[in-house]
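Commentary on secondary and tertiary structure
Next come the chains, spelled out residue by residue.
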Amino acid sequence: MTQSSACCGGKGGDVTVDLAKVDGIIDKYGRDRAGILGMFQDIQREYRYLPKDAVAHVCRTLGVPLAKGYEVATFFKALSLKPRGKYTIQVCLGTACHLKGGPNVIEQFERELSVKTGDTTADKKFTLESVNCLGACALAPLVRVDEKDFGKTTPGTVKKVVKAF
Amino acid sequence: MPKVNLSVDGKKIQADKGAFLLDVCRDNHIPVPSLCHNEALGSDGRCRLCVVEVRRGNRTRMVTSCLFPAAEGVEAITQSANIALVRKTVLELLWARCPESDEIARLARSHGVSDVRYQKDNDKGKCILCNLCIRTCESVVGVSALGLSGKGPVKKVTTPFDEPSETCIGCGACAFVCPTGHIQMWDKEGVRNIWGRKFEMAACAKCGTHFAPLYQLEYISKTSGASMDRLRTCPDCR
Ligand code: SF4
Ligand code: FES
Ligand code: FES
């Protein structure tokens with residue numbers, strides 16, 4: 001049986017959540033409320049974000065108040081309730097990258113892509129994020145796009161990074 | 001319940017083993033300030049205003065009295081220069097967070113804080129994140145319409161997705177329990193407004209006063225089995 005429902009929110013980029021698929025994920029964790037974080041992660045992997053309808057469905061199924069599910073969904077930086085871009089650009093603002101000019105790089109990304117840090121471009125291609133130390137400080141300032149690293153970046157190399165995708 | 005012997009401010013006290021120090025103090029009329037403790041809801045350890053010093057053997061440490069269990073031989077002190085300093089710091093930080101709150105200002109001043117040296121927030125309203133509203137909604141009202149969202153500087157009390165909550169019954173218990181008056185609720189022309197929702201108020205069958213949201217009465221009727229006829233009369237006329 002396939003149930004589905006349109007995701008509300010109406011801010012564009014809404015997906016239709018396949019509730020049967022969500023049920024499958026819930027089952028994988030034994031329908032146990034202790035597995036809610038894992039469920040959210042799996043759902044996010046599926047849709048690249050956490051659709052509101054999916055959160056509501058998980059809470060309903062587990063008998064967890066929606067307010068509590070929302071707490072979990074907003075607590076972890078790894079979970080996003082907003083639709084995410086195809087690629088995630090992480091600009092490191094850890095201590096080393098910060099000192100080496102990371103803030104200028106992220107500002108240039110904001111200008112180049114016309115987004116604010118934390119947001120996704122209108123064409124849903126990129127989500128821009130700042131992170132705190134990716135563990136490769138020798139390459140500061142570091143930019144990571146999904147799995148690919150760009151070291152020693154400057155505002156001037158931002159265009160090149162964007163073009164690479 | 002096994003008893004233990006302890007002392008607070010030099011006064012010998014017998015208390016239930018494991019009872020929290022704050023409750024023990026209050027039972028013995030020793031005042032300790034607090035913001036997040038509530039008699040009905042118990043302790044939550046959020047505000048840190050209830051700190052006291054505890055000596056055991058030759059070790060002294062600062063503890064949150066609302067979560068510190070009474071044990072044999074504990075010597076507690078509720079007033080000292082150190083304690084005053086911690087409480088002042090807590091209140092100064094809360095005041096910096098909630099400059100609009102008269103209640104926090106009053107409390108801070110009464111503890112000797114005259115001014116805030118930190119940068120003041122302007123986006124937190126009067127909320128000190130004591131959690132009383134959420135706990136009340138969950139364990140007293142039983143509808144869990146409220147929760148926290150986010151963490152760190154953006155953490156706040158809200159309804160799911162910042163939208164009007166479907167489970168809210170409009171009872172106003174959260175607004176009632178809030179120590180700072182952060183939660184906005186107003187009744188106007190027979191309608192209650194709270195958390196972005198509007199609730200039609202029931203008029204008492206006898207005196208006509210709008211005394212409670214109709215929806216709340218229906219909820220009470222459903223969960224307690226009391227008849228709507230009875231509930232539709234306000235407590236004063238019953
Ligand atoms: S809204 Fe009031 S009761 Fe709720 S956490 Fe904030 S200060 Fe406490
Ligand atoms: S600070 Fe950027 S990688 Fe360590
Ligand atoms: S009353 Fe103890 S931390 Fe608030």
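Use the structure listed above.
Residues numbered from 1 in each chain as written. Chains lettered and ligands numbered in written order. Predicted model: local features only at pLDDT ≥ 70, side-chain atom pairs only at ≥ 80, totals over all residues. Heavy atoms only, no water.

**Here we look at the overall build of chain A**
Helix and strand counts for chain A come out as 7 helices and 6 strands. Listing every helix and strand of chain A by position from the N terminus yields β-β-α-α-α-α-β-α-α-β-β-β-α. Projecting the C-alpha coordinates of chain A onto the three principal axes gives extents of approximately 50 × 30 × 25 Å. The proportion of buried residues among the 165 residues of chain A is 42%. Look at the contacts in chain A between residues 6 or more apart in sequence, and 58% of them connect residues 24 or more apart. Here chain A displays about 8600 Å² of accessible surface, and carbon together with sulfur accounts for 53% of that area. Here chain A carries 25 positive and 18 negative side-chain charges, and the mean point of each set is 5 Å from the other. (Helix = DSSP H or I, 4+ residues; strand = E, 2+ residues; numbered from the N terminus. Buried < 20%, exposed > 50% of the residue type's maximum accessible area, 1.4 Å probe, protein only. Contact = heavy atoms within 4.5 Å. Areas by Shrake-Rupley, 256 points an atom, 1.4 Å probe, with all protein chains shown as cover. Lys, Arg positive; Asp, Glu negative; His and termini not counted. Charge placed at Lys NZ, Arg CZ, Asp CG, Glu CD.)

**Looking at the interface of chain A and chain B**
The interface of chain A with chain B comprises 13 residues on the first partner and 16 residues on the second. It is A:Lys52, A:Ala67 and A:Tyr70 in chain A that bury the most area against chain B; as a group they hold 44% of the surface buried on that side. The tally of links between chain A and chain B comes to 2 salt bridges. In this structure, the salt-bridge partner of A:Lys52 is B:Glu163, at a minimum N-O distance of 2.6 Å. For the interface between chain A and chain B, the tally reads 5 residue pairs in polar contact (both at pLDDT 80 or more). (Buried area = accessible area lost by both parts, 1.4 Å probe. Salt bridge = Lys/Arg side-chain N within 4 Å of Asp/Glu carboxyl O. Polar contact = N/O pair within 3.5 Å; in protein donor to acceptor, adjacent residues only side chain to side chain.)

**Structural notes on the site of ligand 1**
Every residue lining ligand 1 is accounted for by B:Cys127, B:Ile128, B:Leu129, B:Cys130, B:Asn131, B:Cys133, B:Val157, B:Cys178, B:Pro179, B:Thr180, B:His182 and B:Ile183. Class assignment of the residues belonging to the shell around ligand 1 gives a composition of 9 nonpolar, 3 polar and no charged. (Near = heavy atom within 4 Å. Nonpolar A, V, L, I, M, F, W, Y, C, P; charged D, E, K, R; others polar.)

**Regarding the nonpolar core**
Residues and elements named next belong to chain B. In this structure, Leu35, Cys133 and Val157 are the most contacted members of the largest nonpolar core, which totals 42 residues. A domain-level breakdown of this core finds at least three residues from each of domain 1 (3-79) and domain 2 (132-237). Discounting chain neighbours no more than four positions away, the residues touching cysteine 133 are Leu146, Val157, Cys174, Val177 and Ile183. (Core = buried A, V, L, I, M, F, W, Y, C linked by side-chain atoms within 4.5 Å. Domains from an automatic or database assignment.)

**Details of the sheet that holds strand 5 (residues 75-77) of chain B**
All names here are of chain B. Overall, mixed pairing links the 5 strands, which are arranged 2-1-5-3-4 in an open sheet. Every other strand in the sheet has two partners, leaving strand 2 (11-16) and strand 4 (59-64) as the edge strands with one partner each. On average, adjacent strands in this sheet sit at an angle of 35° to one another, irrespective of strand direction. In terms of strand pairing, strand 3 (residues 51-56) meets strand 4 through 6 bridges, oriented antiparallel. The partner of glutamate 53 across the bridge, within strand 4, is methionine 62. In this fold helix 2 (residues 81-97) packs onto strand 3, strand 4 and strand 5, with an angle of close to 145° to the strand it touches most, strand 3. (Pairing = 2+ DSSP bridges. Axes fitted to C-alpha atoms, helices over the stretch in contact; angles between N-to-C directions.)

**Some points on the sheet that holds strand 8 (residues 185-188) of chain B**
Residues and elements named next belong to chain B. If you walk across this open sheet you meet the 4 strands as 8-9-10-11, and the pairing is antiparallel. Of all strands in the sheet, those with a lone pairing partner are strand 8 and strand 11 (210-213), marking the two edges. Mean inter-strand twist for the sheet, computed between neighbouring axes without regard to direction, equals 35°. Taken together, the 4 bridges between strand 8 and strand 9 (residues 191-194) define a ladder with antiparallel strand orientation. In the strand pairing of strand 9, methionine 185 is matched with isoleucine 194. Together, strand 10 (197-203) and strand 11 form the strand contacts of helix 6 (residues 214-224), whose direction differs from that of strand 11 by roughly 60°.

**Remarks on the packing of helix 2 (residues 36-47) of chain A against helix 3 (residues 52-62) of chain A**
Residues and elements named next belong to chain A. Packing of helix 2 against helix 3 leaves a shortest axis separation of 11 Å and a crossing angle of 150°. Classified by the angle their axes make, helix 2 and helix 3 are roughly antiparallel. The element helix 2 and its partner helix 3 pack so that their crossing is right-handed. The segment helix 2 lies against helix 3, with Ile36, Met39, Phe40 and Ile43 engaging Ala54, Val55, Val58 and Leu62. Residue composition of the contact of helix 2 with helix 3, grouped by class: 8 nonpolar, no polar and no charged. (Parallel < 35°, antiparallel > 145°, perpendicular 65-115°, else oblique. Left-handed = near helix turned anticlockwise from the far one by under 90°.)

**Structural notes on helix 3 (residues 102-110) of chain B**
All names here are of chain B. Those residues of helix 3 that fall on the buried side of the exposure criterion are Ile104, Ala105, Leu107 and Ala108. Buried positions in helix 3, seen along its axis, are confined to an arc of 165° and lie on one side of it. More than 90 degrees from the buried face of helix 3, the exposed residues found are Asp102, Arg109 and Ser110. On its buried face, helix 3 is in contact with helix 2. Trailing helix 3 by a residue or two, glycine 112 shows a phi angle of about 90°, which is positive. (Arc of directions from axis to C-beta.)

So yeah, pure geometry; function would need other evidence.
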